[in-house]
Amino acid sequence: MALACGIVGLPNVGKSTLFNALSGTALAAAANYPFCTIEPNKAILPVPDPRLEALARFFPTAQVTPTTLTVVDIAGLVRGAHAGQGLGNQFLSHIREVQAILHVLRCFEDPHIVHVEGSTNPIRDKEIVDLELQLKDLETLSRVISRVEREARLASNKEAQKHLETLNRAEAHLSRGQNLRTLELSLEEHAYLRSLGLLTLKPVLYIANVDEGSLPHGNQHSQTVAEIARQEGALCLTLCATLEAQLVTLSPEERKDFLGLYGLEAPALPKLIQAAYALLGLITFFTAGPKEVRAWTVPKGTSAPKAAGEIHSDMERGFIRAEVIAWEDYIACGGEEGAKATGRMRLEGKEYLIQDGDVVYFRFAV
């Protein structure tokens, strides 16, 4: 899958530290998962999934392959980015290329790390980023509305007239200082606006980056961010990027002891990766055999033939049917044979939509 999340925020809020921690996770996994590769501003991360490890116990398999998530480190934004200030053009073009946003907000005080706005105020920082993205979206909509208005003047162009109504609603929503992801839209309207590459339509996960002393419960700043996220219907995760970057360098035994010092049971990065994966609207299905137990990524709502095509195009072209066992049934029945014996394996055709956790064997002929 080419889908990616972009790490976004003002300068000096902890974006690079968080990205380095995530990159360290991928590098640490490289011995087991050689497809994990790192570029200067991109990390391809294995998605933690206990279901995969549970499936692997049923096979003396040669390889266990998780699914992955691509994360892009995007240059810090400053006021005026929509007009090209700072690295504004680069920043906004990179956001346009990702499908979801990981918005890092500084929730820590540190006199040695200068804040670009002079003080720690995550809500103000959020509003700066929101405003720049909203202004860029308004600029985009202005151009599109001019074109669609001409098309809508033709009495027979009902589609353009319908699009114009959607565009005007979106423009009015942005003009009130609201992000497009909070605008109530039909599936058709959402798909149309998404095709325009609008920035504030992208789903967001807010990351409240606190200092080590504020763990494990966060602080007043992070609690404010969590409340704002709740009001928006968005996800929020509180973590300490500095601590997470240290944890990836430790052995499992050292990591456990280190976490205990801060009252934590586990690192936050696995939760972050899983949340970002879900933010993209992705689900996981599994294939299991003696050579490999593997997790595969598809968008929610993917048909069985399309899912088969993720494995090989021949499988989609020659799709016959899918033998499907829900992951819970696979484990409860002790594997494939037990699931078959108890009637838990289903035969599904071309119309079947893959569900998260399905263990699938595709039958095909070419």
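These figures come from a predicted structure and were not determined experimentally.

Definitions and cut-offs
Residues numbered from 1 in each chain as written. Predicted model: local features only at pLDDT ≥ 70, side-chain atom pairs only at ≥ 80, totals over all residues. Heavy atoms only, no water. Helix = DSSP H or I, 4+ residues; strand = E, 2+ residues; numbered from the N terminus. Rg over C-alpha atoms; globule rule 2.2 N^0.38 Å. Buried < 20%, exposed > 50% of the residue type's maximum accessible area, 1.4 Å probe, protein only. Contact = heavy atoms within 4.5 Å. Phe/Tyr/Trp six-rings, centres within 6.5 Å; stacked < 30°, edge-to-face > 60°. Lys NZ or Arg CZ within 6 Å of the ring centre and 35° of its normal. Core = buried A, V, L, I, M, F, W, Y, C linked by side-chain atoms within 4.5 Å. pLDDT = per-residue confidence, 0-100.

Asker: Account for the overall build of the protein chain, with residues named and values stated.
Answerer: Scanning the protein chain from terminus to terminus reveals 14 helices and 13 strands. Relative to the 2.2 N^0.38 estimate, which gives 21 Å for 366 residues, the radius of gyration of the protein chain is 23 Å and therefore close to what a compact globule would have. Taking the principal axes of its C-alpha atoms as reference, the protein chain extends roughly 65 × 60 × 35 Å. Looking at the 366 residues of the protein chain, the share that counts as buried comes to 48%. Across the protein chain, contacts joining residues at least 24 apart in sequence account for 68% of those joining residues at least 6 apart.

Asker: I'd like to hear about the packing of aromatic side chains, residue by residue, with values.
Answerer: Within this structure, the stated rule accounts for five aromatic pairs. Measuring from centroid to centroid gives 5.6 Å for F58 and Y330, while their planes differ by 90°, and the two rings are edge-to-face. Note that F58 is positioned in the loop between α2 (50–56) and β4 (64–65) and Y330 in helix α13 (residues 327–332), a separation of 272 residues in sequence. Here F58 falls in the partly exposed class, since its relative accessible area comes to 32%. Measuring from centroid to centroid gives 6.0 Å for F285 and F362, while their planes differ by 90°, and the two rings are edge-to-face. Placement of F285 in strand β9 (residues 282–288) and of F362 in strand β13 (residues 358–364) is noted, with a sequence separation of 77 residues between them. Each member of the pair, F285 as well as F362, carries the same accessibility label: buried. Taken together, the aromatic side chains of F285, W296, F319 and F362 make up a single cluster linked through ring pairs. In this structure, R294 is placed above the aromatic ring of W296, and the distance from its NZ or CZ to the ring centre is 4.1 Å.

Asker: I'd like a description of the nonpolar core, backed by residues and values.
Answerer: With 59 residues, the main nonpolar core has L18, L22, L102 and L272 as its most contacted residues. Residue contributions to this core peak at seven residues, all from helix α10 (residues 269–279). Ignoring anything within four residues of it in the chain, the contact list for L18 reads V104, I207, L239, A241, L269 and L272. Counting residues in hydrophobic clusters, the runner-up holds 18 residues, among them V144, L167, L180 and L201.

Asker: Outline the confidence of the model for the protein chain, supporting the account with residue identities and numerical values.
Answerer: Model confidence for the protein chain is summarised by a mean pLDDT of 89, while 91% of its residues fall at 70 or above. Of all secondary-structure elements in the protein chain, the lowest mean pLDDT belongs to strand β2 (residues 38–39), at 42, while strand β7 (residues 204–209) reaches the highest, 98.

Asker: Tell me about unusual backbone geometry, residues and numbers included.
Answerer: A cis amide bond links L215 with the next residue in sequence, P216, at an omega value of 5°. Note that P216 resides in the loop between β7 and α7 (220–232). Backbone geometry at N12 places phi at a positive 60°, although glycine is not the residue there. Here N12 shows up in the loop between β1 (4–8) and α1 (15–29). Residue classification places N12 among the partly exposed positions, given a relative accessible area of 42%.

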